[in-house]
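Single-letter residue listing:
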Amino acid sequence: RKLSYGRERIKMKNILTKNLGYKFLSLLLAIVIWVTITNYNDPYITDTIEDIPVSIQNENEVEEKNKMFEIESGEKVSIMVRGKRSVIDQLRASNFTATADFRQLSIVNAVPIKVVPKRSTKYSVSDIEILTKTPEMMILTLEDSGEQTFRVDVDILGEVAEGYYIASKSVNPSVIKVSGSQKQIAKIASVVARLNISGAKESVSVNVSPIAYDTNNYPVDSTKIVYSMDTVQTDVKILPTKEITLKITQEGEAEPGYECTELLSKPEKIRIAGTQEELEKIGSYLVLPYDISGMKQTTSGEIDLESYLNEHYPENGFILVEESKTVAVTAMIEKLEEKDFWVKTSEITFKNIPNGLKARFRVDGDVRLRVKGLSDVLEKLTVEELHPYIDLSNRQKGTHYISVGIDTRARGQVMSANVSIELVDEAE
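The written sequence of each chain sets the order in which its residues are numbered from 1. Reporting of local features is limited, given that this is a predicted model, to residues whose pLDDT is at least 70; pairs of side-chain atoms are given and counted only at 80 or more, and all residues count toward the totals for whole chains, interfaces and linings. With hydrogens and water stripped out, all remaining heavy atoms of the structure feed into the side-chain values.

> Residue-level account of the overall build of the protein, with values.
Counting its regular elements, the protein contains 9 helices and 28 strands. Put simply, the radius of gyration uses C-alpha atoms, and a globule should come to 2.2 Å times the residue count raised to 0.38. Here the protein has a C-alpha radius of gyration of 53 Å; the compact-globule value for 428 residues is 22 Å, and the former is much larger. The dimensions of the protein, computed from C-alpha atoms along their principal axes, are 205 × 45 × 35 Å. When burial is assessed residue by residue, the protein has 30% of its 428 residues classed as buried. In the protein, 75% of the contacts between residues at least 6 apart in sequence involve partners at least 24 apart. In DSSP terms, a helix is any run of H or I states spanning at least four residues, a strand is any run of E spanning at least two, and both are numbered starting from the N terminus. Between buried and exposed lies partly exposed: a residue is buried under 20% and exposed over 50% of the maximum accessible area for its type, with that area taken using a 1.4 Å probe on protein chains only. The contact definition used throughout considers only heavy atoms, calling two residues in contact when any of these lie within 4.5 Å.

> Tell me about the pairing of strand β1 (residues 44–57), and please be specific about residues and values.
Sheet analysis places β1 next to strand β3 (residues 76–84), joined by 8 bridges and oriented antiparallel. The partner of T46 across the bridge, within β3, is R82. For two strands to count as paired, DSSP must find a minimum of two bridges between them.

> Could you give me a rundown of the sheet that holds strand β15 (residues 258–266), with the residues and numbers involved?
Taken together, 3 strands build an open sheet; the order of strands is β15-β20-β18 and the sheet is antiparallel. A single partner strand is all that each edge strand has here, and the edge strands are β15 and β18 (299–304). The sheet shows a mean angle of 25° between the axes of neighbouring strands, taken without regard to direction. Judged from the 6 bridges that link them, β18 and strand β20 (residues 326–335) form a sheet pairing that is antiparallel. If you follow T299 over to β20, its bridge partner there is A331. Strand contacts of helix α7 (residues 305–312): β18 and β20, with the helix running at about 50° to β18, the strand carrying the most contacts. Orientation is described by axes fitted as lines to C-alpha atoms, over the contacting stretch for helices, and by angles from 0 to 180 degrees between their N-to-C directions.

> So what about the packing of aromatic side chains? Which residues, and what values?
To pair, rings of Phe, Tyr and Trp, with the six-membered ring standing in for Trp, must have centres within 6.5 Å; the planes then decide the type, stacked if under 30 degrees apart, edge-to-face if over 60, and tilted in the middle. Taken as a whole, this structure holds 3 aromatic pairs when the rule is applied. Residues Y313 and F318 carry aromatic rings whose centres are separated by 5.6 Å and whose planes lie at 70° to one another, so their mutual orientation is edge-to-face. Look at F318 and you get buried, because its relative accessible area is 7%. Distance and angle both matter: a charge sits over a ring if NZ of Lys or CZ of Arg is within 6 Å of the ring centre and within 35 degrees of the ring normal. Taking NZ or CZ as reference, K351 lies 3.9 Å from the ring centre of Y389, over its face.

> Requested: an account of the nonpolar core, with residues and values cited.
What tends to happen in soluble globular proteins is that the nonpolar side chains get buried as a cluster. Ranked by size, the top nonpolar core spans 25 residues in total, and within it I272, L288 and Y290 carry the most contacts. At the level of elements, β14 (232–251), β15, β16 (269–273), α6 (276–282), β17 (285–291), α7 and β20 are the ones that each hand at least two residues to this core. It is β20 that contributes the most residues to this core, 4 residues altogether. Residues belong to one nonpolar core when they are buried, are Ala, Val, Leu, Ile, Met, Phe, Trp, Tyr or Cys, and are joined through side-chain atoms within 4.5 Å. Listed in part, the 24 residues of the second largest apolar core include V81, F96, Y123 and I128.

> I'd like to hear about a negative patch on the surface, residue by residue, with values.
Exposure above 30% relative accessible area and no salt bridge define the residues that can form patches, which grow by joining like charges within 9 Å and nonpolar side chains of Val, Leu, Ile, Met, Phe, Trp and Tyr within 5 Å. Computed by Shrake-Rupley with a 1.4 Å probe, the accessible areas treat only the displayed protein chains as cover when residues are assessed. Salt bridges, as used here, are contacts in which a Lys or Arg side-chain nitrogen is within 4 Å of a carboxyl oxygen on Asp or Glu. Charged residues are defined narrowly, with Lys and Arg counted positive, Asp and Glu counted negative, and His plus the chain ends left uncounted. Where a charge lies is defined by one atom per residue type, namely NZ (Lys), CZ (Arg), CG (Asp) and CD (Glu). Taken together, the side chains of E253, E259, E334, D376 and E379 make up a negatively charged region of the molecular surface. Looking at the element boundaries, E253 is found in the loop between β14 and β15.

> Quick rundown of the environment of E253? Include the residues and the values.
Here E253 falls in the exposed class, since its relative accessible area comes to 59%. Along the backbone, E253 and I333 are 80 residues apart, and their C-alpha atoms lie at a distance of 11 Å. Leave out the neighbours within four places in its chain, and E253 touches I292, S293 and G294.

> Explain the pattern of salt bridges residue by residue, including any values.
The final tally for this structure, using the stated rule, is 14 salt bridges. The closest approach of N and O atoms between D153 and R151, which form a salt bridge, is 2.8 Å. Note on R151: relative accessible area 58%, which makes it exposed. A salt bridge links R368 to D340, with the nearest nitrogen and oxygen atoms 4.0 Å apart.

> Before we move on, can you summarise unusual backbone geometry with the specific residues and values?
Across the chain, the bulk of peptide bonds are trans and the bulk of non-glycine residues have phi less than zero. P135 follows T134 through a cis peptide bond whose omega is 0°. Position of P135 relative to the elements: it lies in the loop between β6 (129–134) and β7 (137–157). Residues N172 and P173 are joined by a peptide bond in cis, for which omega reads 0°. One non-glycine residue, N58, adopts positive backbone phi at about 55°.

> Can you tell me about the layout of surface pockets, naming the residues and giving the values?
Using only the protein atoms, space was sampled on a 1 Å grid; points where a 1.4 Å probe fits but cannot get out form cavities, open sets with protein on both sides within 12 Å along at least five of seven lines form pockets, and lining residues are those with an atom within 4 Å of a point. Grid points are joined across faces, edges and corners, and a volume is the space filled by probe spheres set on the points. Volume-wise, the largest pocket comes out at about 280 Å³. Surrounding the largest pocket, E59, E63, M68, F69, E70, I71, E75, D221, T223, K224, I225 and V226 form its lining. Every element with two or more residues in the lining of the largest pocket is listed here: β2 (67–73) and β13 (225–227). A total of 4 residues in the lining of the largest pocket trace back to one element, the largest contributor, which is β2. Side-chain classes are defined by residue name, with Ala, Val, Leu, Ile, Met, Phe, Trp, Tyr, Cys and Pro counting as nonpolar, Asp, Glu, Lys and Arg as charged, and the others, Gly among them, as polar. When its residues are assigned to classes, the lining of the largest pocket shows 5 nonpolar, 1 polar and 6 charged. Here the second largest pocket is characterised by a volume of approximately 180 Å³.

> Help me get a handle on the sheet that holds strand β24 (residues 366–373), residues and values and all.
Taken in spatial order, the 3 strands make up an open sheet running β21-β24-β27, and their pairing is antiparallel. Two strands lie at the open edges of the sheet, namely β21 (337–344) and β27 (412–414), each paired on one side alone. Each neighbouring strand pair of the sheet contributes to a mean axis angle of 35°, computed without reference to strand direction. Judged from the 3 bridges that link them, β24 and β27 form a sheet pairing that is antiparallel. Among the inter-strand pairings, K372 is bridged to a residue of β27, identified as Q413.

> Quick one: what's the story with the side chain of E70, residue by residue and with numbers?
Summarising the element assignment, E70 is placed in strand β2. Setting aside anything within four residues of it in sequence, one finds E70 in contact with I139, L140, T141, S181, K183, Q184 and K224.

> How would you sum up a nonpolar patch on the surface? Please name residues and give values.
Taken together, the side chains of F24, L25 and L28 define a hydrophobic patch exposed on the protein surface, amounting to about 330 Å² of accessible area. Mapped onto the elements of the fold, L28 is located in helix α2 (residues 20–41).

In structure tokens form, the structure reads like this:
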């Protein structure tokens, strides 16, 4: 039995050791076939992931040195990754975290960029190999920090509703401090509070964020400057308006022998703003006196509308909407001419004869009437249009020398035409 057991062991050993090289080759071939099949179904590939944003860590490392920084390059990074297709194909920029730790800032103002995959249930972090990253470093520009005070202006966008007017605009606070690098501060030309009032019919009060602009009216990067206040209160007063017709009236008299024939104004109408209640009080006309005292030729002048409104309506608070605050007035002055008219005494009527008396001319005949007036009026004037008369108001019995008058519609005045009139009792 022992001999038989020994023979079996020898036989088994011969089976295991016989053709050992072929058996090893077969195993290796099987492994290669398995790897080939596996890689064919899910091969290893490389790909580039672009525009991964780089976040900053320990920013205070720079600020504590009273410095401000600007990123010259390295705000975003691109990487080349390797891994199985099933993993790589689903990767995006959002699957990675890129950081620049300012504690590692070098003497040449460069900070290494570190990129790592984010954990996910869809893949294992160890399945992703980052081969390269571009750029390797974040490059900074360091400058001394600065601070400056700027006036805040209100910038209105849009137009109020038709028939309304922006009476005033203000901002609180009116000045604001802006801090940042000296380079950024130097770019600022103005700071504004921008407000849209399109179609507004009533006053507006809102808080808005200030905006800094450069000399070309482009916004200064708000991420690189800091305002002392996040918002400012902006108030815009909006009032209704009303159209008013101007009526220019004569004040004083022209030089003797001259007459003001017309007063012209430009504009003829103006628009004012005020509360609805006050606008209803003023009416539709505004009477403006214009002094022509001593004038003997056509003269132009101005009336200060704003001063007139403030003087005559101080409590109403009217605001002149027009850009021009004055009205131009032209006084048309013409020299008066003289012309003689002959009328019969029978054509002269008596007016206001005292009771119990009657009037008669002491001498009948023709009377010369020298009439002064504008040349174009005198040229067309006829004796019939004069309607000459003698006014006997408050006269007593007896003889009187009285001037002849003419109808005012004749647009002239009698220079000298005295006649002798006798008042007698009606019984005589």
